[in-house]
Amino acid sequence: MRYIDQMTDRLSPSGIPVPTVVRPDDVHTDYARDLGDPGQFPFTRGVQPTMYRGRLWTMRQYAGFGTATSTNERFKLLLAAGQTGLSVAFDLPTQMGIDSDSPRASGEVGRVGVAIDTVEDLHTLLADIPLDKVSTSMTINATACTLLAMYIVVAEERGIDRSALSGTVQNDILKEYIARGTYIYPPSPSMALTAEMFRFAAAEVPQWNPISISGYHIREAGSTAVQEVAFTFADAIAYVQQAVDAGLHVDAFAPRLSFFFAAHSDLFEEVAKFRAARRLWARIMRERFGANDNSCRLRFHTQTGGVTLTAQQPLNNVVRVTVQALAAALGGTQSLHTNGYDEALALPTADAATLALRTQQIVGYESGVSQTVDPLAGSWYVEQLTDAVEARAVELIAKVDALGGAAEAIKAGFFQEEIGRSAYEYQLRVEAGETVVVGVNKFGDGQDPPIIPAPDFSSLEREQVAQLARVKAARDAGVLAATLAAIGDCAVDYLPSHVGARRELMPRIIDAVRARASVGEVADTLERVWGRYQPTM
């Protein structure tokens with residue numbers, strides 16, 4: 001037995017054996033079949049022929065806190081510092097379809113993101129930002145239809161045609177049932193609404209991504225890198241099938257599908273994950289759906305790992321974020337957010353957010369990673385890891401298929417159990433010292449984490465509630481009632497019992513938003529027809 005085969009006691013974070021050394025005959029990758037040149041199927045080496053030599057990834061910093069006014073100021077600061085796209089964090093009530101004046105929102109308004117109740121708030125959030133020149137990513141799911149409608153109305157009221165808008169709504173509801181919890185409606189009408197948003201985007205906002213299928217939150221919940229890829233693609237298969245079943249041609253909407261992955265600190269496994277994901281998605285789309293090459297390209301945004309940030313010795317997070325940003329760049333991401341070093345303690349300060357952006361800029365402009373495409377290709381270790389990640393992800397997807405697909409796997413608790421087990425095993429390794437977290441279980445200094453002053457959220461909440469009251473007082477009650485009634489009438493078509501063609505729901509939501517309907521009013525109207533999801537586990 002060769003020396004290499006005896007030394008496999010080391011494992012990657014996903015449990016993949018890591019030999020001491022990898023030799024050429026340990027790698028079974030065929031260049032034409034498994035790699036190909038950048039921009040060519042199966043896109044392992046990148047979705048564009050020149051990648052960052054042509055244009056760097058879009059640099060986004062996830063921002064949103066308190067009121068629309070304060071968040072607008074942060075956006076302008078970041079754009080002035082060189083950010084090339086916006087990324088909006090919404091507060092929990094907005095994500096859950098609850099207005100700021102609801103008793104259910106008390107104490108949560110503006111805490112984990114910006115509070116948006118009506119289109120007037122979005123006007124304020126986006127003030128002085130050229131929407132036809134800057135793309136905007138919105139991390140919103142159950143209420144994604146309403147926020148997209150608001151964005152369109154803001155543009156139209158500024159005289160900007162919706163066809164000129166570019167950006168993304170996350171709109172990944174399956175992941176909410178699996179890992180995050182900001183769902184409202186049951187899966188069936190939620191999935192039907194997703195297909196409607198695919199249709200609407202393809203017809204009306206062709207530069208807009210109507211979904212960002214998210215492995216990031218699956219990873220944040222404790223999954224491994226392999227599970228992140230497999231479960232994300234299991235969800236994506238369900239969305240594509242839903243849209244095809246609704247009568248859409250796969251190549252009409254698939255080129256605008258986007259994905260969202262995490263970048264953690266095991267540099268080589270993360271690079272291998274991104275490369276394997278591109279190859280696997282290309283094969284899924286061609287083999288399952290007969291998609292053309294443009295629909296087979298995996299386009300994704302990356303965010304550095306929130307769960308990897310530590311409150312202890314928070315400046316260490318600068319180094320972690322740098323390694324993770326490097327992994328994303330080496331892995332060929334199209335868009336990147338780098339976390340602020342203080343985010344384990346509070347919302348990121350302006351200084352921390354700016355430093356996080358500078359981290360991207362240094363990686364992009366000074367490190368040399370953008371000079372050639374896929375610079376780690378041909379590394380025997382990276383190619384072996386790429387093959388292993390893909391193979392293990394394929395096995396997990398097969399298990400989901402055997403359960404009847406993503407929706408049935410969610411009902412059975414398969415995703416949740418697998419992720420929970422991985423999270424538990426990771427925590428055991430940390431507590432045993434087998435997995436080192438610098439400053440936490442090794443090299444600690446015994447000091448308490450620093451305290452970062454928090455905003456006066458009570459004052460922010462009162463300000464937001466007063467703003468909402470002003471908007472409600474100025475509305476035409478008759479027009480508002482008619483537009484909400486139209487939504488409710490149309491929503492019946494999205495119930496599983498409905499037979500025949502569905503009426504288009506998005507134009508009706510836009511009409512309601514134009515009449516200054518609130519996020520909560522639209523959500524409540526849909527909930528009265530569709531009901532509220534009650535988890536069985």
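The model shown is predicted, which means the values in this text are computed figures rather than measured ones.

Caption draft 1: Broad picture of the overall build of the chain. In terms of helices and strands, the chain carries 22 helices and 11 strands. Taking 2.2 N^0.38 as the reference for a compact globule, 537 residues should give roughly 24 Å; the C-alpha atoms of the chain span a radius of gyration of 23 Å, in line with that estimate. For the C-alpha atoms alone, the extent of the chain along its principal axes is close to 80 × 55 × 45 Å. Here the chain, with 537 residues, has 56% of them falling under the buried criterion. With an accessible surface of roughly 21,100 Å², the chain has 53% of that area assigned to carbon and sulfur atoms. Of the charged side chains in the chain, 48 are positive and 63 negative, and the gap between their average positions amounts to 3 Å.

Caption draft 2: Spotlight on the confidence of the model for the chain. Scored by pLDDT, the chain comes out at a mean of 95, with 98% of its residues at no less than 70. The low-confidence segment residues 1–6 (pLDDT under 50) makes 10 contacts with residues lying over four places distant or belonging to another chain.

Caption draft 3: Just the packing of helix α14 (residues 316–331) against helix α15 (residues 350–366), in detail. Taken N-terminus to C-terminus, the directions of α14 and α15 make an angle of 40 degrees; their axes are 10 Å apart at the nearest point. Taken as axis vectors, α14 and α15 run oblique relative to one another. Of the two possible hands of crossing, α14 and α15 adopt the one that is right-handed. Of α15, the residues touching α14 (which contributes Val318, Thr322, Ala325, Leu326 and Ala329) are Leu355, Thr359 and Val363. Its residues assigned to classes, the contact of α14 with α15 shows 6 nonpolar, 2 polar and no charged.

Caption draft 4: Region of the structure containing helix α7 (residues 173–180). Counting buried positions along α7 gives 6 out of 8 residues, so the element sits mostly inside the fold. When we look at burial in α7, the residues that qualify are Ile173, Leu174, Lys175, Glu176, Tyr177 and Ile178. The inward-facing, buried residues of α7 abut α8 (187–204), β8 (211–214), α9 (216–220), α10 (225–245), α17 (406–412) and α18 (414–432). Between a side-chain oxygen at the N-terminus of α7 and the backbone nitrogen of lysine 175 the separation is 3.4 Å; the capping residue is aspartate 172. Glycine 181 sits one or two residues past α7 and shows a positive phi near 95 degrees.

Caption draft 5: Structural detail: the packing of aromatic side chains. Under the counting rule described, the total for this entry stands at 22 aromatic pairs. Here the aromatic rings of phenylalanine 41 and phenylalanine 43 are separated by 6.1 Å at their centres, their planes lie at 75 degrees, and the arrangement is edge-to-face. Centre to centre, the rings of phenylalanine 233 and tryptophan 281 are 5.2 Å apart; their planes meet at 35 degrees, and the pair counts as tilted. Here the residue phenylalanine 233 occupies a position in helix α10, and tryptophan 281 occupies one in helix α12 (residues 267–289), the gap between them amounting to 48 residues. Accessibility expressed as a relative area gives 0% for phenylalanine 233, which makes it buried. In this structure tryptophan 281 comes out as buried when scored by relative accessible area, which is 1%. Aromatic ring contacts, followed pair by pair, group Phe233, Phe259, Phe261, Phe274, Trp281 and Phe300 into a single cluster. Positioned over the ring face of phenylalanine 41 is arginine 286, at 3.5 Å from the centre of the ring.

Caption draft 6: The environment of arginine 462, seen in detail. Summarising the element assignment, arginine 462 is placed in helix α19 (residues 457–473). A C-alpha to C-alpha distance of 9.2 Å links arginine 462 and valine 109, two positions 353 residues apart in sequence.

Caption draft 7: Expanded view of the nonpolar core. Among the nonpolar cores identified, the biggest contains 140 residues, and Phe233, Phe259, Trp281 and Phe415 are the most heavily contacted of them. Considering every element that reaches this core, the biggest residue donor is α12, with 12 residues. With near-sequence residues (within four places) excluded, phenylalanine 415 lies in contact with Ile178, Phe231, Ala234, Asp235, Val400, Ala406, Ala409 and Ile410. Among the nonpolar cores identified, the runner-up in size contains 5 residues, and Met96, Ile98, Val109 and Ala115 belong to it.

Caption draft 8: View of the pairing of strand β10 (residues 300–304). A large share of β10 lies buried, amounting to 5 of its 5 residues. Burial along β10 is two-sided: the residues Phe300, Thr302 and Thr304 and His301 and Gln303 are all buried. As paired strands, strand β9 (residues 257–263) and β10 are joined by 5 bridges and run parallel to one another. Looking across to β10, one finds that phenylalanine 261 is bridged to threonine 302. Handedness of the β10-α14-strand β11 (residues 335–337) crossover: right-handed.

Caption draft 9: Structural detail: the state of the cysteines. Counted by the stated rule, this structure contains 0 disulfides. Considering cysteine sulfurs only, cysteine 490 is the nearest to cysteine 145, which forms no disulfide, with 11 Å between them.

Caption draft 10: Quick look at a nonpolar patch on the surface. Taken together, the side chains of Val436, Val438 and Phe443 make up a nonpolar region of the molecular surface, amounting to roughly 280 Å² of accessible area. Topologically, valine 436 is positioned in the loop between α18 and α19. On the basis of relative accessibility, which here comes to 44%, the residue valine 436 falls in the partly exposed class.

What counts as what
Within any chain, residue numbers begin from 1 and follow the written order of that chain's sequence. With pLDDT at 70 or above as the cut-off, local features in this predicted model cover only qualifying residues; side-chain atom pairs require 80 or more to be listed or tallied, and sums for whole chains, interfaces and linings still use all residues. Heavy atoms throughout the structure, all of them, feed into the side-chain values; hydrogens and water do not. In this description a helix means any DSSP run of H or I spanning at least four residues, a strand means any run of E spanning at least two, and both kinds are numbered starting from the N terminus. The size measure is the radius of gyration over C-alpha atoms, and the globule rule it meets is 2.2 Å times the number of residues to the 0.38 power. Only protein chains enter the calculation, and the probe is 1.4 Å; a residue is then buried if its accessible area is under 20% of its type maximum, exposed if over 50%, and partly exposed in between. Every accessible area reported is derived by Shrake-Rupley at a probe size of 1.4 Å, with residue values counting cover from the shown protein chains alone. In this tally, Lys and Arg are treated as positive and Asp and Glu as negative; His is ignored, and so are the chain termini. Charge positions are represented by NZ for Lys, CZ for Arg, CG for Asp and CD for Glu. The predictor's confidence in any single residue is recorded as pLDDT, a number from 0 to 100. Contacts are assigned to residue pairs that have any heavy atoms within 4.5 Å of one another. Lines are fitted to the C-alpha atoms to define the axes, a helix being fitted only along its stretch in contact, and any angle between axes, read from their N-to-C directions, falls within 0 to 180 degrees. For this classification, under 35 degrees means roughly parallel, over 145 means roughly antiparallel, 65 to 115 means roughly perpendicular, and everything else is oblique. Helix crossings fall into two classes, left-handed where the near helix is turned counterclockwise from the far one by less than a right angle and right-handed where it is turned clockwise. Each residue receives one of three labels: charged for Asp, Glu, Lys and Arg, nonpolar for Ala, Val, Leu, Ile, Met, Phe, Trp, Tyr, Cys and Pro, and polar for the others, Gly being one of them. Any pair of N or O atoms that falls within 3.5 Å is considered a polar contact. Within protein, one atom must be able to donate a hydrogen and the other to accept it, and sequence-neighbouring residues count only if both atoms are side-chain atoms. We call Phe, Tyr and Trp rings a pair once their centres come within 6.5 Å, taking the six-membered ring for Trp, and we label the pair stacked below 30 degrees between planes, edge-to-face above 60, and tilted otherwise. Cation placement over rings: the criterion is NZ of Lys or CZ of Arg within 6 Å of the ring centroid and within 35° of the ring normal. Within this scheme, the nonpolar core is defined by two criteria: the residues are buried Ala, Val, Leu, Ile, Met, Phe, Trp, Tyr or Cys, and they are joined through side-chain atoms within 4.5 Å. When DSSP finds at least two bridges between two strands, those strands are taken to pair. Orient the strands so they point away from the viewer; a crossover is then right-handed if the path from the first strand over the helix to the second runs clockwise. Our working definition of a disulfide is a cysteine sulfur pair at a distance within 2.5 Å. Here, patches come from residues exposed beyond 30% relative accessible area and free of salt bridges, joined within 9 Å for like charges and within 5 Å for nonpolar side chains (Val, Leu, Ile, Met, Phe, Trp, Tyr). Think of a salt bridge as a Lys or Arg side-chain nitrogen and an Asp or Glu carboxyl oxygen that are within 4 Å of each other.

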